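Residue strings, one per chain:
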Amino acid sequence: WGTAKLEARPGHSVRRPVASALHLAVRELGARHRDPARVEEFLGVLKAFALRSNPGDAKLRDRWQPGIDVPAASGRADTGDIEIDLVEVLVDAAELARDVGTGVAVFVDEMQDLSLEDASAVCAAFHEISQQGLPVVLVGAGLPHVPATLSASKSYSERLFRYVGVDRLERSACDLALVAPARDEGADYTGDALDAMYAATDGYPYFVQAYGKAVWDVAPRSPITADDVAVGAPLARADLGVGFFGSRFERATPAERDYLRAMASVAADLPDGDGPVPTADVAQFLGRKPASLSPARDALLKKGLVYSGERGSIAFTVPHFAAYLRDHAG
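About the cut-offs
- Every residue gets a number counted from 1 within its own chain, in the order that chain's sequence is written.
- Per-residue local features are limited, in this predicted model, to residues with pLDDT of at least 70; the limit for side-chain atom pairs, both in listing and counting, is 80 or more; totals at the level of whole chains, interfaces and linings are taken over all residues.
- Hydrogens and water are ignored here; the side-chain numbers use all heavy atoms of the structure.
- We treat two strands as partners when DSSP finds at least two bridges between them.
- Helix numbers and strand numbers start at the N terminus; a helix is a DSSP run of H or I with at least 4 residues, a strand a run of E with at least 2.
- Site definitions follow a grid-based scheme: protein atoms alone, a 1 Å grid, a 1.4 Å probe that fits but cannot get out for cavities, and for pockets an open set with protein on both sides within 12 Å along at least five of seven lines, plus lining residues having an atom within 4 Å of a point.
- Grid points are joined across faces, edges and corners, and a volume is the space filled by probe spheres set on the points.
- Surface patches are drawn from residues lacking salt bridges whose relative accessible area is over 30%; two like charges belong together within 9 Å, two nonpolar side chains (Val, Leu, Ile, Met, Phe, Trp, Tyr) within 5 Å.
- The method behind every accessible area is Shrake-Rupley, applied with a 1.4 Å probe, and residues are considered shielded solely by the protein chains displayed.
- Criterion for a salt bridge: a side-chain nitrogen of Lys or Arg within 4 Å of a carboxyl oxygen of Asp or Glu.
- When a residue's accessible area, from a 1.4 Å probe over protein chains only, is under 20% of the maximum for its type it is buried; when over 50% it is exposed; and in between it is partly exposed.

**Notes on the pairing of strand E2 (residues 104-109)**
Where strand E1 (residues 2-7) and E2 come together, six bridges link them in parallel fashion. Across the sheet, residue Thr3 finds its bridge partner in E2, namely Ala105. With five bridges joining them, E2 and strand E3 (residues 136-140) adopt parallel strand pairing. The partner of Val106 across the bridge, within E3, is Leu138.

**Focus: empty space enclosed by the protein**
Applying the stated criterion to the full structure yields two cavities of 30 Å³ or more. Looking at the largest cavity, its volume works out to about 100 Å³. Lining the largest cavity are Leu6, Val14, Val18, Leu86, Leu90, Val106, Val108, Met111, Leu114, Val122, Phe126 and Leu138. Put simply, the parts of the chain that give the lining of the largest cavity at least two residues each are helix H3 (82-99), E2 and helix H4 (116-132). The computed volume of the second largest cavity comes to approximately 40 Å³. If you trace the second largest cavity, you find it lined by Glu7, Ala8, Arg9, His12, Ser13, Val14, Pro17, Asp113, Leu114, Ser115 and Asp118.

**Overview of a nonpolar patch on the surface**
A cluster of nonpolar side chains, contributed by Trp1, Phe107, Val137 and Val139, occupies part of the molecular surface with about 350 Å² of accessible area. For Val137, the position within the fold is in strand E3. Accessibility expressed as a relative area gives 34% for Val137, which makes it partly exposed.

Okay, structure coming up:
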């Protein structure tokens with residue numbers, strides 16, 4: 001298949017990334033196409049689609065050029081309305097792929113950062129593609145509130161996509177992530193060490209990697225023991241505190257940091273100490289009206305530091321952030 005990969009960015013239209021990604025996808029397909037004229041015809045449509053990202057009053061020297069070496073077509077995917085244009089350019093890409101008996105896969109990362117207009121366009125495009133049975137598939141990744149982002153733009157998005165939750169690793173998967181590479185190097189873990197590693201990482205994939213590295217570096221011999229985990233864990237926590245939790249906290253403004261600290265304090269009373277927590281409780285902790293905290297909460301959502309899985313609740317996007325804030329950001 002032709003593959004198109006892009007990343008959504010807050011405050012940026014998806015038009016240019018889509019154009020660049022589809023250009024690469026068509027280059028993969030074009031080498032197998034028997035009719036070069038058909039490929040050039042699509043590239044002309046794609047160029048027209050891409051050029052609509054330029055402001056109408058932009059001077060020639062300031063206009064972005066997509067690097068497509070064919071004249072721009074006219075009358076297709078060039079209305080300036082992203083919802084209309086995205087449908088047309090993806091339908092044309094699908095038909096080009098179908099000519100060679102294959103399809104196009106569009107991979108979108110950070111989907112929660114799509115603007116409402118772009119999310120609406122994506123839903124409309126794939127609704128049309130689904131109805132026509134065209135060989136194009138969208139694979140998106142993002143934070144847990146991606147379904148809410150899409151449904152806010154088009155109500156039918158709930159039945160248009162299949163959502164798969166990618167959460168913390170189960171115990172067996174966590175053990176495998178540690179044991180398999182260790183055994184490749186002629187080493188192993190004791191059962192007590194694996195117990196300690198799962199307790200420390202809570203199955204969060206990046207934590208498994210960070211703790212695994214730290215413990216591997218300090219362990220003097222095989223098998224790796226619970227004592228080795230006790231020595232390596234503080235090193236892992238220190239690294240995470242600077243490069244993982246600390247960098248996230250630094251992205252927040254003073255008002256947003258107050259909101260994060262309040263979330264952490266409210267979450268301290270929960271069994272896991274992490275959340276989610278009611279937004280009303282956060283407001284009560286700060287002695288503020290919930291509506292007055294909306295700007296800070298919305299900014300944190302856009303920065304990907306928190307998410308809202310259901311109305312009236314808020315949670316950290318990564319585990320143990322609340323504990324970090326209680327320990328380091330008071």
